[in-house]
Amino acid sequence: MSSPSKRREMDVMKLMMSDYIVDTPNDRLNEFNVEFHGPKESVYEGGVWKVRVELPDAYPYKSPSIGFVNKIFHPNVDELSGSVCLDVINQSWSPMFDLLNIFEVFLPQLLLYPNPSDPLNGDAASLMMKDKKEYEEKVKEYCERYAKNNGKSTVEDESGEEDISDGNYSSSDDEIPGRAEL
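All of these numbers come straight from a predicted model, not from anything done at the bench. (Residues numbered from 1 in each chain as written. Predicted model: local features only at pLDDT ≥ 70, side-chain atom pairs only at ≥ 80, totals over all residues. Heavy atoms only, no water.)

1. Topic: the overall build of the chain
From N to C terminus, the chain includes 5 helices and 6 strands. Within the span of the chain, comprising 182 residues, buried residues form 37% of the whole. (Helix = DSSP H or I, 4+ residues; strand = E, 2+ residues; numbered from the N terminus. Buried < 20%, exposed > 50% of the residue type's maximum accessible area, 1.4 Å probe, protein only.)

Below, the structure is given as structure tokens:
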């Protein structure tokens, strides 16, 4: 049986070698972000989220902490913190699961089959139960506003500041600040 630290390294490496973009700030393998795309043929299709992953020292025997960094409108995701309410992660986690399971099975299933009877976002749950069409429109609105990776949408960064730039800028060597004219 391998140690938890070796398993952690192996699982993170498997995730990095897959189709997921993994950002490891400070080169730490116990805290990182993963780029997650909404499932095809769902109201979340086209959305791109940064998902924060924190692995406890006892991983894989203890479940990871998973949270959306950019906003998502979903009954089982807290709108402010991004925390995810998912039984398989929070209550029935098993060392047989790995990080790929989370991104290839658990999160897509969560987005495809929300559970409004066990909400973290009461507004999303209520709207989903009362008016599914309006709920889907709000999901699409959030995807456009917070989860598009095209550089032209308004996206909140981790500091809470909004970036409203259109991604277009121009520059020339003549305009570099601090450059001395010789």
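2. Considerations on the packing of helix 4 (residues 122-130) against helix 5 (residues 132-146)
For the pair helix 4 and helix 5, the least separation of the axes is 5 Å and the interaxial angle reads 135 degrees. By the angle between their axes, helix 4 is oblique relative to helix 5. Judged by residue contacts, A124, L127, M128 and K130 of helix 4 engage K132, E134, Y135 and K138 from helix 5. In terms of residue class, the contact of helix 4 with helix 5 is built from 4 nonpolar, no polar and 4 charged. (Axes fitted to C-alpha atoms, helices over the stretch in contact; angles between N-to-C directions. Parallel < 35°, antiparallel > 145°, perpendicular 65-115°, else oblique. Contact = heavy atoms within 4.5 Å. Nonpolar A, V, L, I, M, F, W, Y, C, P; charged D, E, K, R; others polar.)

3. Remarks on the packing of aromatic side chains
With the rule as written, the count across this model stands at 11 aromatic pairs. Their ring planes at 40 degrees and their centres at 6.1 Å tell us that Y59 and W93 sit as a pair that is tilted. Residue Y59 is found in the loop between strand 3 (48-54) and strand 4 (65-68), and its partner W93 is found in the loop between helix 2 (87-90) and helix 3 (99-112); the two are separated by 34 residues along the sequence. Using a relative accessible area of 12% as the deciding quantity, one classes W93 as buried. (Phe/Tyr/Trp six-rings, centres within 6.5 Å; stacked < 30°, edge-to-face > 60°.)

4. Details of the sheet that holds strand 3
Ordered by their spatial adjacency, 4 strands build an open sheet running 1-2-3-4, and the pairing between neighbours is antiparallel. Edge strands, defined here as strands with exactly one partner in the open sheet, are strand 1 (22-23) and strand 4. Relative to strand 2 (residues 31-37), strand 1 runs antiparallel, the two sharing 2 bridges. Along strand 2, the bridge assignment pairs V22 with V34. (Pairing = 2+ DSSP bridges.)

5. A short note on the side chain of T24
The residue T24 is located in the loop between strand 1 and strand 2 in this model. Classification of T24 by relative accessible area gives buried; the value is 18%.

6. Quick notes on the UniProt feature "active site" (unreviewed entry) in the chain
The positions that UniProt labels "active site" (unreviewed entry) are, in the present scheme, C85. Checked against the element boundaries, C85 lands in the loop between strand 4 and helix 2. Assessed through its relative accessible area of 18%, C85 is described here as buried. Apart from the residues lying within four places of it in its own chain, the contact partners of C85 are N76, N90, L110, D118 and L120. (UniProt positions renumbered as here; feature names shortened; annotations may be inferred.)

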